[in-house]
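Below are the chains, spelled out letter by letter.
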2 protein chains.
Amino acid sequence: MEPRPPGGPAPAEPGPRVLGLCGADPTASASSSSGVGAEAEAGRRAPAVAAVLPAGGCGERMGVPTPKQFCPILERPLISHTLQALERAFWIKDIIVAVTGENMETMKAIIQRYQHKRVSLVEAGVTRHRSIFSGLKALAEDQPDSKLSKPEVVIIHDAVRPFVEEDILLKVATAAKEHGAAGAIRPLVSTVISPSTDGCLDHSLDRARHRASEMPQAFLFDVIYDAYQQCSDYDLDFGTECLQLALKYCHIKAKLVEGSPDLWKVTYKRDLYAAESIIKERVSQQICLVMNTKEDEEHVGYRLEEMLKNELNVHFLDYKLLPFGQKMENLMQIREFAKEVKKRNILLCGLLIYYPQDDQKLQESLRQGATIIAALIKERNPGLIGQLLVA
Amino acid sequence: MEPRPPGGPAPAEPGPRVLGLCGADPTASASSSSGVGAEAEAGRRAPAVAAVLPAGGCGERMGVPTPKQFCPILERPLISHTLQALERAFWIKDIIVAVTGENMETMKAIIQRYQHKRVSLVEAGVTRHRSIFSGLKALAEDQPDSKLSKPEVVIIHDAVRPFVEEDILLKVATAAKEHGAAGAIRPLVSTVISPSTDGCLDHSLDRARHRASEMPQAFLFDVIYDAYQQCSDYDLDFGTECLQLALKYCHIKAKLVEGSPDLWKVTYKRDLYAAESIIKERVSQQICLVMNTKEDEEHVGYRLEEMLKNELNVHFLDYKLLPFGQKMENLMQIREFAKEVKKRNILLCGLLIYYPQDDQKLQESLRQGATIIAALIKERNPGLIGQLLVA
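Residues numbered from 1 in each chain as written. Chains lettered and ligands numbered in written order. Predicted model: local features only at pLDDT ≥ 70, side-chain atom pairs only at ≥ 80, totals over all residues. Heavy atoms only, no water.

Asks: An account of the overall build of chain A is needed here, citing residue identities and associated values.
Replies: For chain A, the count of helices and strands is 13 helices and 15 strands. Long-range contacts, defined here as pairs at least 24 residues apart, represent 73% of the contacts in chain A between residues at least 6 apart. Taken as a whole, chain A presents about 18700 Å² of accessible surface, with 52% of it coming from carbon and sulfur. (Helix = DSSP H or I, 4+ residues; strand = E, 2+ residues; numbered from the N terminus. Contact = heavy atoms within 4.5 Å. Areas by Shrake-Rupley, 256 points an atom, 1.4 Å probe, with all protein chains shown as cover.)

And the structure:
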């Protein structure tokens, strides 16, 4: 679907905004603000939307020393993948990330290295709710030293849910504007039970009548900020559910929006493995194969393409047409060239395909070539760049 | 811990039993039965334990045409990994797998190909509860044509939870003997909510007071069989929780046993990715590196070993000591030899390490060699066997 800002029937120009810690030149941003006429149409205007991302957790369930939001997936920290996903929704004006003091510098370095825009940092609290509250405070107008402006709608998401799609962000933001609060839900994977104090089953819940509450959630800013300002220390320290705060303190019944399986939270080490495989699979959808065949052997390239296209979306290029053709004459040159292009995140290998006259043997050779290409692409392991493989 | 049968203080000889579809020679089994004296000590005897594995699902949540229990992970179907895990618990006498009629032949082929013992097949019902009931009926004594004997304790597990450890199987079986019913639980990953009929939040559940009910579960056979015989068609068609049936119909409050994160259920495609990575990681714990170094170069092998042992548990062997040494003289021979040993699930590659006099360059060469070895072992991709790589 065509992405558009929530609440308005037609795409609207973004309103003026003050930029956070890592934004671009504020002057440039101000110059792109909409005119007075558009501003007057307040009723039809898209709501200003910000996002808060609590990222203060220590990832104790992961069993690894690095907090899970900073664990690398294909050489990029998990939180950077999540920020990328949020940034694809251009209508989210500001993204507030709450990190602990000790991870502040790490997070600044990530923002700089991966060129994240629209991101501001605040210091996380000791619990998830306290971190979210810090983020909301930074967005509230009454903060004297804040460069941020108060949004109409705020999305709350998790740093460790990297596969959120723009579609669901839009759905929860739109539903929040209408209902005051909204959250993504998923069917339960396991039955939920309630234990008695002696460690035995008290009762089990009807799976059909319950759902897992996932992220993203969205709220009218005034609703959720009001709820956090009212809520008790017990809520801040032991609560887990923002929708519940909106219900308890502002009597807002959140709209529940069915989410996709992609919304799952990276919690255990196995989730890091799964995330890596999903990202690899996405990267591997488009590959480019550079061929060097003599004129009378062009059908070989065509046959290889046929074999591969069931598994991969391959683009074939003719080797002779490319400026770096002469660089790849021997093994050492392939290795040097591979090192050079790796800087641009291109993983290069050479493949020599044995080319016998016998058609059956050629078929076998090509089949093996296709297997090797698929293996290299699927694994995307930088340890193998510059190798000359033989089929 | 040392595996031992549940309920008894010391390891006991397995009692006589009639074998199912795929068991070994019944005579051999009967000859290993315990003597009359041991039989008389009925109170201290280990209970006869069987397992029921419902595997009739179609895996609609996976988004792939193959039912998830038959999806291959490292070239072995998921259910075969699960059966392997159950077979490690030698005290589980029979494993009853419930599969649909259309998958019966597939399942028989899997049992034969991967040499599963102690497995019997029954036809699955249209729901999970009906499949489990079929499995229990096959174990009940009053079935005239059954070759199985009624166990004292029955474990119910899922075909799609391949990482179950013997420890938890033992814990639930032991607890079931004492309490009548027992099940593994895990903390909730997401908050659970209850929606109202208009799709809004009715209330959210306190996460600290609820748990996810996982598998395995275990029951005194008479308890769970009685529950299934009494329960309504509605329970059989819409229920999901065996512990709840034991509570509702037999007033047995199941003992809840804290499980490890390994118990998770392969539900979505991402879970297949995670399972594959976990199995790869386990396989990669032990590798064997065959070296061919001249006498004055032995320190090179030592240095390579040092570099690798942080990541991998490597065993080094000297190439010259091995009978296949002479087979690996050139590339074509490596490829032929790799094809030969792949049949025994050994993935073989050659690695030529450039050996300059300059110590810094040697260090670099070895570092690259270590990177390539780690990459090959981590990925364990059969598409790359027989290649000669260069460091």
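Having seen the structure, we can now continue with the description.
Asks: Tell me about the interface of chain A and chain B, and name the residues and values.
Replies: Listed by partner, the interface residues are 67 residues for chain A and 67 residues for chain B. In total, chain A and chain B occlude about 6000 Å² of area from one another, counting both sides; carbon and sulfur atoms represent 53% of this. Among the residues of chain A in contact with chain B, Leu201, Arg270 and Tyr273 of chain A are the three that bury the most area, contributing 11% of the side total. The interface formed by chain A and chain B contains two salt bridges. Lysine 253 of chain A is paired through a salt bridge with aspartate 202 of chain B; the nearest N and O atoms lie 3.9 Å apart. For the interface between chain A and chain B, the tally reads 26 residue pairs in polar contact (both at pLDDT 80 or more). In terms of residue count, helix H10 (residues 269-283) of chain A provides more of the side of chain A that touches chain B than any other element does, nine residues in total. Two elements, strand S8 (residues 191-195) of chain A and strand S10 (residues 211-220) of chain B, share three bridges in a ladder whose sense is antiparallel. Opposite valine 192 of chain A, over in S10 of chain B, you have alanine 212 of chain B as the bridge partner. (Buried area = accessible area lost by both parts, 1.4 Å probe. Salt bridge = Lys/Arg side-chain N within 4 Å of Asp/Glu carboxyl O. Polar contact = N/O pair within 3.5 Å; in protein donor to acceptor, adjacent residues only side chain to side chain. Pairing = 2+ DSSP bridges.)

Asks: I'd love a proper account of the pattern of salt bridges, names of residues and values included.
Replies: Going through the model one piece at a time under the given rule, you end up with 25 salt bridges over all chains. A salt bridge links lysine 177 of chain B to glutamate 152 of chain B; the shortest N-O distance between them is 3.0 Å. Residue lysine 177 of chain B is found in helix H6 (residues 166-179), and its partner glutamate 152 of chain B is found in the loop between helix H5 (128-139) and strand S6 (153-156); the two are separated by 25 residues along the sequence. Three or more residues are tied together by salt bridges with common partners; here these are Arg128, Asp158, Arg161 and Glu214 of chain A.

Asks: Residue-level account of the relation of the copies chain A and chain B, with values.
Replies: In the superposition of chain A on chain B (RMSD 0.1 Å, axial shift 0.0 Å), the rotation amounts to 180°. Considering both components of the superposition, the chain copies are consistent with a two-fold axis. Among all C-alpha atoms of chain A, that of alanine 274 of chain A lies closest to the rotation axis, at 2.4 Å. Most of the interface of chain A is mirrored in chain B: 100% of its interface residues are interface residues there too. (Least-squares fit on C-alpha atoms with pLDDT ≥ 70 in both.)

Asks: An account of empty space enclosed by the protein is requested, with residue identities and associated values reported.
Replies: The tally for this structure, following the rule as stated, stands at two cavities of 30 Å³ or more. One number sums up the size of the largest cavity: a volume of about 660 Å³. In this structure, the largest cavity is lined by 35 residues; those nearest its centre are Val189, Ser190 and Arg270 of chain A together with Val189 and Arg270 of chain B. At the level of secondary structure, the elements contributing two or more residues to the lining of the largest cavity comprise strand S7 (181-187), strand S10 (211-220) and H10 of chain A together with strand S7 (181-187), S10 and helix H10 (269-283) of chain B. (1 Å grid on protein atoms, 1.4 Å probe; cavity = no way out; pocket = protein on both sides within 12 Å on 5 of 7 lines; lining within 4 Å. Points joined across faces, edges and corners; volume = space filled by probe spheres on them.)

Asks: How would you explain helix H3 (residues 78-87) of chain B if you had to name every residue and give the values?
Replies: Within H3 of chain B, nine of the ten residues are buried, leaving the element largely enclosed by the surrounding structure. Buried within H3 of chain B we find Leu78, Ile79, Ser80, His81, Thr82, Leu83, Ala85, Leu86 and Glu87 of chain B. (Buried < 20%, exposed > 50% of the residue type's maximum accessible area, 1.4 Å probe, protein only.)

Asks: Could you give an account of the confidence of the model for chain A, with specific residues and numbers?
Replies: All names here are of chain A. Considering every residue of chain A, the mean pLDDT works out to 81; 77% of them sit at 70 or more. Averaged over each element, pLDDT in chain A is lowest for helix H1 (residues 26-31) (35) and highest for strand S6 (residues 153-156) (98). Note on residues 1-44: pLDDT is under 50 here. Beyond four places in sequence and across chains, it has 67 contacts. Taken together, the stretch residues 321-325 has pLDDT below 50 and engages in five contacts with residues farther than four places along the chain or on a different chain. The ipTM, which scores confidence in the relative placement of chains, is 0.73 for this predicted complex, and the corresponding pTM is 0.74. (pLDDT = per-residue confidence, 0-100.)

Asks: Give a description of unusual backbone geometry that names residues and reports values.
Replies: Excluding glycine, most residues fall at negative phi; most peptide bonds, likewise, are trans. Residue and element names in this part refer to chain A. For the peptide bond that leads from methionine 215 to proline 216, omega is 5°, which places it in the cis range. Along the polypeptide, proline 216 turns up in strand S10. The backbone of glutamate 75 sits at a positive phi, close to 65°, despite the residue not being glycine. Judged by its relative accessible area of 53%, glutamate 75 falls in the exposed class.

Asks: Can you explain helix H13 (residues 359-379) of chain B? Please cite residues and give values.
Replies: All names here are of chain B. For H13, with 21 residues, the first-to-last C-alpha span of 30 Å sits near the 30 Å given by 1.5 Å per residue. Where H13 is concerned, the buried positions are Leu362, Ser365, Leu366, Gly369, Ala370, Ile372, Ile373, Ala374, Ala375, Ile377 and Glu379. Where H13 starts, the residue carrying a side-chain oxygen 3.0 Å from the main-chain nitrogen of glutamine 360 turns out to be aspartate 358. Residue arginine 380 follows H13 closely and has a positive phi angle near 50°. (Expected span 1.5 Å × (residues − 1).)

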